Amino acid sequence: MSEANEIIHQSMRLRIMAALNAVAAKNAAIEFTRLKALIGATDGNLGAHLDTLEKAGFVVVEKRFEARKPQTRIRISAAGRRAFANHVAYLRDILATPLT
Amino acid sequence: MAIDPAEAASSLKDIAVVEQRAHEAIFYAGSSTIFIMWGLLVACGYGLAELYPSRAMTSWLAITLLGCLGTFLIVGARADTREARDLRLIWAMAAMAAFGAVWSYLLYLHVPRALMYAFQPSLFLLGIMMAGFWLGRFFVVLGCVGLALVAIGFLQGEPWLRLWMVVSQSGTLILGGIWLHRHGVAR
């Protein structure tokens, strides 16, 4: 049986990882504002959770300027993708395991 | 860390909701170019029909074929997974466009011109609206708005009919495409 991931399991971080994993084809990144809209978070809340996920090595945050405007883009790392897949497998195992 | 089955089920439901939204946003971004392209083609179609009225049928047929080809090329270029390469929706829209083109060809000598201006775009917008039941609310809204504008144009008739149709149809598609671009997630 897979193991629970305490960092990912927090509700908002779980949504962040689910969104990043869904848009992760070709290692693509997503803009901060788009991610915020997808998961229904506030700026501060999303920023704080992204810090946690970045420190854990699950996401990569890139800051750059586009047309002189600062832009933050986020993508899931290979480790993040593996950790998310393991955590989802763990959640499914819990539901599949009969109660004793 | 212990997670009970109720919490696990709730987490999986959360994940499914976010994944659904993400896939919808990806589809929105992918569709924006197609909508803008069709908006421009429709404007060209009306322009050509105005300049060369005797060849209007041929030019509309060419525009439709060009649009279908462009749609297939855009979808083919963007698709990078087996799921994304599922072209059933595009084939359905192409079948609808072909159906409309054939009936337009058969009917255009026998029905009022205002009806011809309303028929093909109505069919196309109905297709967009129905596709929205599976693809996302935005397409339902876009289809309904487009159909309402076509109906208004049809009811008001000449002398503003053609101008109304070109502005409302191209405008709906181009503005819809821009909205999709702004709210979608490119991958």
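Residues numbered from 1 in each chain as written. Chains lettered and ligands numbered in written order. Predicted model: local features only at pLDDT ≥ 70, side-chain atom pairs only at ≥ 80, totals over all residues. Heavy atoms only, no water.

Quick word on the overall build of chain A
Moving on, step 1. Scanning chain A from N- to C-terminus turns up five helices and three strands.
Moving on, step 2. In sequence order, the secondary structure elements of chain A are arranged as α-α-β-α-α-β-β-α.
Moving on, step 3. C-alpha extents for chain A along the principal axes are approximately 60 × 25 × 20 Å.
Moving on, step 4. Burial status across chain A gives 42% buried among its 100 residues.
Moving on, step 5. Of the contacts made within chain A by residues no fewer than 6 positions apart, 60% connect residues no fewer than 24 positions apart.
Moving on, step 6. For chain A, the exposed surface amounts to about 5400 Å²; the carbon and sulfur share of it is 51%.
Moving on, step 7. When the 15 positive and 9 negative side-chain charges of chain A are each reduced to one mean point, those points stand 7 Å apart. (Helix = DSSP H or I, 4+ residues; strand = E, 2+ residues; numbered from the N terminus. Buried < 20%, exposed > 50% of the residue type's maximum accessible area, 1.4 Å probe, protein only. Contact = heavy atoms within 4.5 Å. Areas by Shrake-Rupley, 256 points an atom, 1.4 Å probe, with all protein chains shown as cover. Lys, Arg positive; Asp, Glu negative; His and termini not counted. Charge placed at Lys NZ, Arg CZ, Asp CG, Glu CD.)

Looking at the confidence of the model for chain B
Moving on, step 1. Scored by pLDDT, chain B comes out at a mean of 83, with 93% of its residues at no less than 70.
Moving on, step 2. Predicted complex metrics record ipTM = 0.86 and pTM = 0.72. (pLDDT = per-residue confidence, 0-100.)

Digging into a nonpolar patch on the surface
Residue and element names in this part refer to chain B.
Moving on, step 1. A contiguous nonpolar patch, built from F99, V102, W103, Y105, L106, Y108 and L109 and spanning about 770 Å² of accessible area, is present on the exposed surface.
Moving on, step 2. Note on placement: Y108 falls in the loop between α3 (88-107) and α4 (113-135).
Moving on, step 3. Look at Y108 and you get partly exposed, because its relative accessible area is 37%. (Patch = residues over 30% accessible without salt bridge, like charges linked within 9 Å, V, L, I, M, F, W, Y side chains within 5 Å. Salt bridge = Lys/Arg side-chain N within 4 Å of Asp/Glu carboxyl O.)

Digging into the interface of chain A and chain B
Moving on, step 1. Taken together, the contact pairs 30 residues of chain A with 25 residues of chain B.
Moving on, step 2. Summing both partners gives a buried area of about 2200 Å² for chain A against chain B, and 71% of it is carried by carbon and sulfur.
Moving on, step 3. The largest share of the area that chain A buries against chain B comes from H9, R34 and L38 of chain A, three residues that together contribute 25% of it.
Moving on, step 4. Summed over the shared surface of chain A and chain B, the result is zero salt bridges.
Moving on, step 5. Where chain A touches chain B, the interface holds four residue pairs in polar contact (both at pLDDT 80 or more).
Moving on, step 6. A per-element tally of the side of chain A that touches chain B places helix α5 (residues 78-96) of chain A first, with eight residues. (Buried area = accessible area lost by both parts, 1.4 Å probe. Polar contact = N/O pair within 3.5 Å; in protein donor to acceptor, adjacent residues only side chain to side chain.)

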